[in-house]
Amino acid sequence: MKSPRKLLMAAPLLFLLPLHALASPAYDDQPARHSNGHSCVGCVLVVSVIEQLAQVHNSTVQASMERLCSYLPEKLLLKTTCYLVVDMFGPDIITLLSMDKNADVVCHTLEFCKQDPGQPLCHLYPLPKETWKFTLEKARQIVKKSPTLKYSRSDSNICSLPFLAKICEMIKSAIKNSVPFKDVDSDKYSVFPTLRGYHWRGRDCNDSNGMAYPGRRPDNWDIHQDSNCNGIWGVDPKDGIPYEKKFCEGSQPRGIILLGDSAGAHFHISPEWITASQISLKSFVNLPTAITDELNWPQLSGITGFLNSTSGITEDSIYLRLRKRNRCNHRDYQNISKNGASSQNLEKFIESLSRNQLLDHPAIVIYAMIGNDVCNGKSDSVPKMTTPEKLYSKVMQTLKYLNSHLPNGSHVILYGLPDGTFLWDNLHNKYHPLGQLNKDVTYAHFYSFLNCLQVSPCQGWMSSNETLRTLTSQRAEQLSNTLKKIATRKKFTNFNLFYMDFDFQGIIKEWQKRGGQPWQLIEPVDGFHPNEVASLLLADVFWKKVQLQWPQVLGKENPFNSQIEKVFGEQGGH
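Every chain is numbered independently, its residues counted from 1 as its sequence is written. Local features in a predicted model are, by the rule used here, given only for residues with pLDDT of at least 70; side-chain atom pairs are given and counted only at 80 or more, and totals for whole chains, interfaces and linings are based on all residues. The side-chain values count all of the structure's non-hydrogen atoms but skip hydrogen atoms and water molecules.

Novice: So what exactly am I meant to see when it comes to empty space enclosed by the protein here?
Specialist: Picture a little ball the size of a water molecule; that probe, rolled over the atoms, points out where space is still empty. A 1.4 Å probe that fits but cannot get out identifies a cavity on a 1 Å grid over protein atoms alone, an open set with protein on both sides within 12 Å along at least five of seven lines counts as a pocket, and a residue lines either if it has an atom within 4 Å of a point. Grid points are joined across faces, edges and corners, and a volume is the space filled by probe spheres set on the points. Scanning the entire structure with this criterion turns up six cavities of 30 Å³ or more. Considering only enclosed or pocket space, the largest cavity measures out at about 190 Å³ in volume. Along its surface, the largest cavity is lined by 15 residues, and Ala263, Ile303, Phe502, Ser535 and Leu538 are the ones closest to its centre.

Rendered as structure tokens:
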């Protein structure tokens, strides 16, 4: 789905305010006129957290900022950078908040937010009782001699700090290339978790040998070494038969590959980062990992996740189910997803996919561009949506690419688009994490703020305009029907092609059966993405449908699974 990284990477921390350039989606075409919108969102969220921390702890604003910085880890120089930014902007924030100016006023005064001529005033909180013009002028008088106003907000970039340049460059490289930043043998697999490493695709078992990687057919039955990283190698001393041959031959091993957007990558901003009543020393432990994974959590996603769920439900990812079905599939997963991805720009990073037609096992490829073909931040969003004709052209281009790269016997499943009207219907009158303390910001307010700045991840569905929401769902349905027609009518030599509806209404019903509410399936901070529970419930629906209708896609259940576990345990883990 449309990347909210550019909007929200700044949310929890002052030091991230200038990071919007680094965090921007790879395929953003926002006009320059609205480029300050991302800084505005970041500023308002951060100042809100500072103000609310002071309220929760009955402390001064100065103590609140110091508290926030003290909670940050040293890793990636987060704590150091926070103190630097506080030193730069803290005095003005303290002055303005002590005069009872809210976050909107503070950020307009400090020029992180700007009202362009002829454009509406964008604000998250209710407007002050005095006129806006009078309030803003009064606030500007308070800080008019402040040295911070000489800094250009459009040029401010934390990556220009010498000690952060290397870190920023690593993240930029990983985002741009969609392959592991640390990959000694250049086989597109890594022994490092983040920066597109094994959180995204199976961990390399030999990073000095480009012919050893997850998903390949075993080299000489892996008598001497593990060439496919599934942890099964060597020879059984009892009969002299290689373990790979004994346990995996004829078991139809296969990998799982996702071509997706931020929903497939499992975009997630922890509500603990911006909820003052919950922020503690433990809140930001995972922040360095999140930043170097582009604020995505593919290791917990419904399709390629390999870690135990943190959500409390028992459903597994599709990868873990394939591994349980056949332990020879160990580590054979690839999450080729990108924030901001759509059918129209997949060609820019599809080459990061790793599959050799001659050397590798077949794969199940899930094509799940579920949002950005209808989602954008434009005030007039409908003309910017992908048409069925453009979708057809790009999807056929993608399928031809896959046919020339996937081993014979593979399978491709095209996922339809959801009906996103459930977002407004279930969230608009609920309080956003920033509004829970004082009961002053609902999702309707939050959506309106993003839409006004033209930085919404999906103006079409995150809108009070019912007509626009309906038009967006109608276009999504048209695109889904186009995908269905392609799957029905087109044949390819190296894979079978299928279509599956994105049945979000189905998982809502399942969740309600368990006593849950629909809004609990949406990411609370961005109010847009399916959360971890939704992702795993969708995986469950997917698995059951494939098992019932296309069982050949999943391959056979390996009768030697228990023996593999007995001999090789966790097969080297993930």
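Novice: How should the UniProt feature "domain: Saposin B-type" (unreviewed entry) in the protein chain be read in this particular structure?
Specialist: UniProt positions are given in the numbering used here, feature names are shortened, and annotations may be inferred rather than shown by experiment. UniProt feature "domain: Saposin B-type" (unreviewed entry): in the numbering of this structure it lies at residues 36-117. End-to-end, the C-alpha atoms of residues 36-117 are 14 Å apart, and along that stretch the chain is 73% helix and 0% strand. Elements are defined by DSSP. Helices are runs of H or I of four residues or more, strands are runs of E of two residues or more, and each kind is numbered from the N terminus.

Novice: Can you help me understand a negative patch on the surface in this one?
Specialist: Residues Asp419, Asp425, Glu466 and Glu477 make up a contiguous surface patch of negative charge. Note on placement: Asp425 falls in helix α14 (residues 421-427). In this analysis, a patch consists of residues with relative accessible area above 30% that form no salt bridge, clustered at 9 Å for like charges and at 5 Å for the nonpolar side chains Val, Leu, Ile, Met, Phe, Trp and Tyr. The Shrake-Rupley method, run with a 1.4 Å probe, gives the accessible areas here. Residue values count only the displayed protein chains as cover. The salt bridge criterion pairs a side-chain nitrogen of Lys or Arg with a carboxyl oxygen of Asp or Glu, the two atoms within 4 Å. Charge convention: Lys and Arg are scored as positive, Asp and Glu as negative, and His as well as the terminal groups of each chain are ignored. A single reference atom marks each charge: NZ on Lys, CZ on Arg, CG on Asp, CD on Glu.

Novice: Looking at this model, I keep getting lost on the state of the cysteines. Mind explaining?
Specialist: As used in these notes, a disulfide is a covalent bond between sulfur atoms, one from each of two cysteines. Disulfides are defined in this document as cysteine sulfur pairs within 2.5 Å. Within this structure, the stated rule accounts for seven disulfides. Two residues, Cys40 and Cys113, share a disulfide whose sulfurs are 2.0 Å apart. The S-S bond linking Cys40 to Cys113 shows a torsion near 95 degrees; that makes this disulfide right-handed. Placement of the pair is Cys40 in helix α3 (residues 36-56) and Cys113 in the loop between α6 (103-109) and α7 (132-142), with a sequence separation of 73 residues. The cut-offs for exposure are 20% and 50% of the maximum accessible area for each residue type, with area from a 1.4 Å probe on protein chains only; residues under the lower value are buried, those over the upper are exposed, and the others partly exposed. Note on Cys40: relative accessible area 1%, which makes it buried. Here Cys375 connects covalently by a disulfide to Cys458, the sulfurs 2.1 Å from one another.

Novice: I tried to follow the sheet that holds strand β4 (residues 410-415) on my own but got confused; where do I start?
Specialist: Paired through backbone hydrogen bonds, the strands of a sheet run either parallel or antiparallel to each other. Strand order in this open sheet of five strands is β2-β1-β3-β4-β5, and the pairing throughout is parallel. At either end of the open sheet lies a strand with only one pairing partner, and these are β2 (333-337) and β5 (495-500). Averaged over all adjacent pairs, the angle separating strand axes in this sheet is 15 degrees, with direction ignored. A strand pair is defined by DSSP finding two or more bridges across the two strands. Examined bridge by bridge, β4 and β5 share six bridges and lie parallel to one another. From the neighbouring strand, Ile413 faces β5, where its bridge partner is Phe498. Every residue pair with non-hydrogen atoms within 4.5 Å of one another is taken to be in contact. Between N-to-C directions, angles span 0 to 180 degrees; the directions come from axes that are lines fitted to C-alpha atoms, helices contributing only their stretch in contact. Lying over the sheet, helix α16 (residues 466-489) contacts β3 (363-368), β4 and β5, oriented at roughly 150 degrees with respect to β5.

Novice: Even after reading the chapter, I still don't get the packing of aromatic side chains, so can you show me in this structure?
Specialist: Here a ring pair, both rings aromatic, is described through the centre-centre distance and the interplanar angle of the planes. Under the pairing criterion, centres of Phe, Tyr and Trp rings, with the six-membered ring standing for Trp, must be within 6.5 Å; the plane angle then separates stacked pairs below 30 degrees from edge-to-face pairs above 60, leaving the rest tilted. Under the criterion given, the structure shown has 16 aromatic pairs. Ring geometry for Tyr443 and Tyr447: centres 6.2 Å apart, planes at 55 degrees, overall tilted. Pair noted here: Tyr443 and Tyr447 are both in helix α15 (residues 443-453), with a separation of four residues, about one helical turn. Tyr447 matches Tyr443 in its accessibility class, with the two residues each being buried. Here a set of aromatic residues connected by ring pairs shows up, and it is made of Tyr415, Phe422, Phe502, Phe504 and Phe542. Between the NZ or CZ atom of Lys182 and the centre of the ring of Phe192, over which it lies, the distance is 4.1 Å. Only when the NZ of Lys or the CZ of Arg is both within 6 Å of the ring centre and within 35 degrees of the ring normal is a charge said to sit over the ring. The lysine or arginine in question, Arg203, covers the ring of Tyr198, its NZ or CZ lying 5.5 Å from the ring centre.

Novice: Is there a simple way to think about the pattern of salt bridges in this case?
Specialist: Two side chains carrying opposite charge are able to pair once their charged atoms lie near each other. Scanning the model with the defined rule gives 12 salt bridges in all. With a shortest N-O distance of 3.0 Å, Glu294 and Arg196 are connected by a salt bridge. Taken together, the residues Glu294 in the loop between α11 (287-292) and α12 (318-325) and Arg196 in the loop between α8 (162-177) and α9 (243-248) connect sequence positions 98 residues apart. Note on Arg196: relative accessible area 2%, which makes it buried. The shortest N-O distance in the salt bridge between Lys394 and Glu347 comes to 2.5 Å. Here the residue Lys394 occupies a position in helix α13 (residues 388-403), and Glu347 occupies one in the loop between β2 and β3, the gap between them amounting to 47 residues. On the basis of relative accessibility, which here comes to 38%, the residue Glu347 falls in the partly exposed class.

Novice: Explain the pairing of strand β1 (residues 255-260) to me, please; I cannot follow it from the model alone.
Specialist: Across a regular strand the side chains alternate sides, sitting on one face of the sheet and then on the other. For β1, a buried count of six out of six residues is recorded, marking the element as mostly surrounded by other parts of the structure. Every second residue of β1 is oriented toward a common face, with Gly255, Ile257 and Leu259 on one face and Ile256, Leu258 and Gly260 on the other, all of them buried. Sheet topology places β1 next to β3; six bridges connect them, and they run parallel. The residue of β3 that forms the bridge with Ile256 is Ile364.

Novice: Can you walk me through the packing of helix α17 (residues 504-513) against helix α18 (residues 532-549) in this structure?
Specialist: Helix-helix packing: each pair is described by the crossing angle between the helix axes and the interaxial distance. Running from N to C, α17 and α18 cross one another at 105 degrees; their axes reach a closest spacing of 10 Å. One finds that α17 runs roughly perpendicular with respect to α18. Contacts from Phe504, Ile507, Glu510 and Trp511 of α17 reach α18 at Val533, Ala534, Leu537, Leu538 and Val541. Here the term charged refers only to Asp, Glu, Lys and Arg, the term nonpolar to Ala, Val, Leu, Ile, Met, Phe, Trp, Tyr, Cys and Pro, and the term polar to all other amino acids, Gly among them. For the contact of α17 with α18, the residue count by class is eight nonpolar, no polar and one charged. Angular relationships are summarised with four words: roughly parallel below 35 degrees, roughly antiparallel beyond 145, roughly perpendicular across 65 to 115, and oblique for the angles in between.

Novice: It is not clear to me how the nonpolar core should be interpreted in this structure. Could you clarify?
Specialist: Inside soluble globular proteins, nonpolar side chains tend to come together where they are buried. Ranked by internal contacts, the top residues of the largest apolar core, which has 154 residues, are Leu399, Leu402, Leu414 and Phe504. Take the buried residues of types Ala, Val, Leu, Ile, Met, Phe, Trp, Tyr and Cys, join any two whose side-chain atoms come within 4.5 Å, and each joined set is a nonpolar core. Core analysis: the second largest hydrophobic core is formed by seven residues, Tyr243, Phe247, Ile564 and Phe568 among them.

Novice: Quick question: what am I supposed to make of the side chain of Arg201 here?
Specialist: Inspection of the secondary structure assignment puts Arg201 in the loop between α8 and α9. It is Asp183 that comes nearest to the buried, bridge-free Arg201 among opposite-charge side chains, at 7.7 Å. N or O atoms closer than or at 3.5 Å make up a polar contact, with two conditions inside protein: a donor-capable atom paired with an acceptor-capable one, and, for residues adjacent in sequence, both atoms drawn from side chains. At 3.1 Å, the side chain of Arg201 and the backbone oxygen of Ser178 are in polar contact. A polar side-chain atom of Arg201 sits 3.4 Å from the main-chain carbonyl oxygen of Lys188. Discounting residues that sit within four places of it in the chain, Arg201 has contacts with Ser178, Val179, Pro180, Lys188, Tyr189, Arg196, Tyr333, Gln334, Ile336, Ser352 and Ser354.

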